[in-house]
Amino acid sequence: MKMKLATVALGALMAAGPALADLTFPSLSYRTGPYAAGGIPFADGYADYFTLLNERDGGIGGVKANVLECETGYNTEKGVECYESTKGQGALVYQPLSTGITYQLIPKATADGIAIHSMGYGRTSAKNGNVFSHVFNYPANYWDGASGAVNYLLESNGGDIKGKKIALVYHNSAYGKEPIRTLEELSKKHGFELSTLPVDHPGQEQKSQWLQIRRDKPDFVLMWGWGVMNQVAVQEAANIRFPMENFIGIWWSGSENDVLPAGDAANGYKALTFHNVGTDFPLFDDLQKYVIDAGKAAGAGDQVGTVLYNRGLYAAMLAAEAAKKAQEISGKADITAADMRDGMEALEMTEAKMAELGLPNFGPAFSASCSNHGGDALVGVTQWDAASKTWSLISDFKPTDSEVIGALIEEDSNAYATENNISPRCN
């Protein structure tokens, strides 16, 4: 009886006390501009997951989540403006959704004490938490992607690709250039011949690059593309009859947008991934019930289950789990940006936890720490089936070359630390 009275009294006290502020998650989206087709589903998935938590669970730890969306048009300057205009509204973590915006925000957000989660993009060496205190890029980065592609080719070719030719078709930007150094190191290690073919924004003109590919006859083509560049590349590959099963894109070159325009010709195309595909997970039933059918979806509801919608959903899931961890560590529900950073650094995603969330095996199991802000670097491969218009995960999430990547991360992050007078922060 005493316990009951105490509970009632606590409830009355909470009711009489000030209402907890929302947990604010800014979404630097791009529903307009040349990359809108990719930006819309991600933003929808990100928002819908938090809506689900609010509608089904009453928020996170009893506090409602507020998604603060700001349109960047995938423009770096606008992205910085969005950050400046939203950071004072209780922002807990930023998803810049652009390598260019990420690079600009790293010093700003660090100075402001707000975390950045550049999931699978941005500055790869930010994995080194010893130098980059507020930047996280788990569960995998671009250098992991480059290594994951090479490892997949090794596995598919009896462990030997010596003398093979690999061509990299890349978006001529900071993003597209990210894998080059890694691929150069891996070419020395495994003896393959690397050629690089830049494609200028937005990527609609690629005739010369594919003529060169037809002339050079590489055994495999890798692609770091985005937006219309991807679909043009897939069509050009089909035009020169390049075998689709030997064409592998990074995770930003592996959505429905990239393959549907080429029809049957895209069949067999592959793309790297750090999360699963489709809607065959219990969480999607709840999403349908509490969000889509309830008329609370961020978009038209037509993107649910697409690759980029799932990616937005996954980013939101990791943010929500980090927020729960922050609540647990701080002992309070109404967490600050500093608490959120600590939660992100202590995040551990196990298979059991993902199953509990209704997303079994949706992403790789990983953990973060003071020195490791990038997770366990596990990468999977998906393949497109043109007849059923579906992606399938054809490879487990597998380790990448930590020896090569670790050395590159150490070199790049140490140079950044020296330039910016940053002292190592982890024991």
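On a predicted model such as this, the values are computed, not experimentally measured, just so you know.

A. Layout of the packing of aromatic side chains. Going through the model one piece at a time under the given rule, you end up with 25 aromatic pairs. With 5.0 Å between their ring centres and 65 degrees between their planes, Tyr30 and Tyr74 make a pair best called edge-to-face. Within this pair, whereas Tyr30 is found in the loop between strand E1 (23–29) and helix H2 (36–57), its partner Tyr74 is found in the loop between strand E2 (65–71) and helix H3 (76–86), the two being separated by 44 residues in sequence. Taking relative accessible area as the criterion, Tyr30 reaches 3% and is therefore assigned buried. Centroid distance Phe281 to Phe362: 5.1 Å. Interplanar angle 85 degrees. Geometry classified as edge-to-face. Taken together, the positions of Phe281 in the loop between strand E10 (270–273) and helix H11 (283–292) and Phe362 in the loop between helix H14 (351–356) and strand E12 (366–367) put the pair 81 residues apart, joining distant regions of the chain. For Phe362, a relative accessible area of 0% gives the class buried. Cluster of aromatic residues (ring-pair linked, three or more members): Tyr142, Tyr175, Trp251, Phe274, Phe281, Phe284, Tyr314 and Phe362. Against the face of Trp252 rests Arg311, its NZ or CZ located 4.6 Å from the ring centre.

B. Broad picture of the state of the cysteines. If you walk through the whole model with that rule in mind, you get 2 disulfides. The disulfide that involves Cys370 links it to Cys426, with 2.0 Å between the sulfurs. Between Cys370 and Cys426, the S-S dihedral sits near -85 degrees, and the bridge is therefore left-handed. Of this pair, Cys370 sits in the loop between E12 and strand E13 (378–385) while Cys426 sits in the segment after helix H15 (402–419), and the two are 56 residues apart along the sequence. For Cys370, a relative accessible area of 25% corresponds to the partly exposed category. When the cysteines of the chain that form disulfides are numbered from the N-terminus onward, they connect as 1-2, 3-4.

Conventions we followed
Residues numbered from 1 in each chain as written. Predicted model: local features only at pLDDT ≥ 70, side-chain atom pairs only at ≥ 80, totals over all residues. Heavy atoms only, no water. Phe/Tyr/Trp six-rings, centres within 6.5 Å; stacked < 30°, edge-to-face > 60°. Helix = DSSP H or I, 4+ residues; strand = E, 2+ residues; numbered from the N terminus. Buried < 20%, exposed > 50% of the residue type's maximum accessible area, 1.4 Å probe, protein only. Lys NZ or Arg CZ within 6 Å of the ring centre and 35° of its normal. Disulfide = S-S within 2.5 Å.

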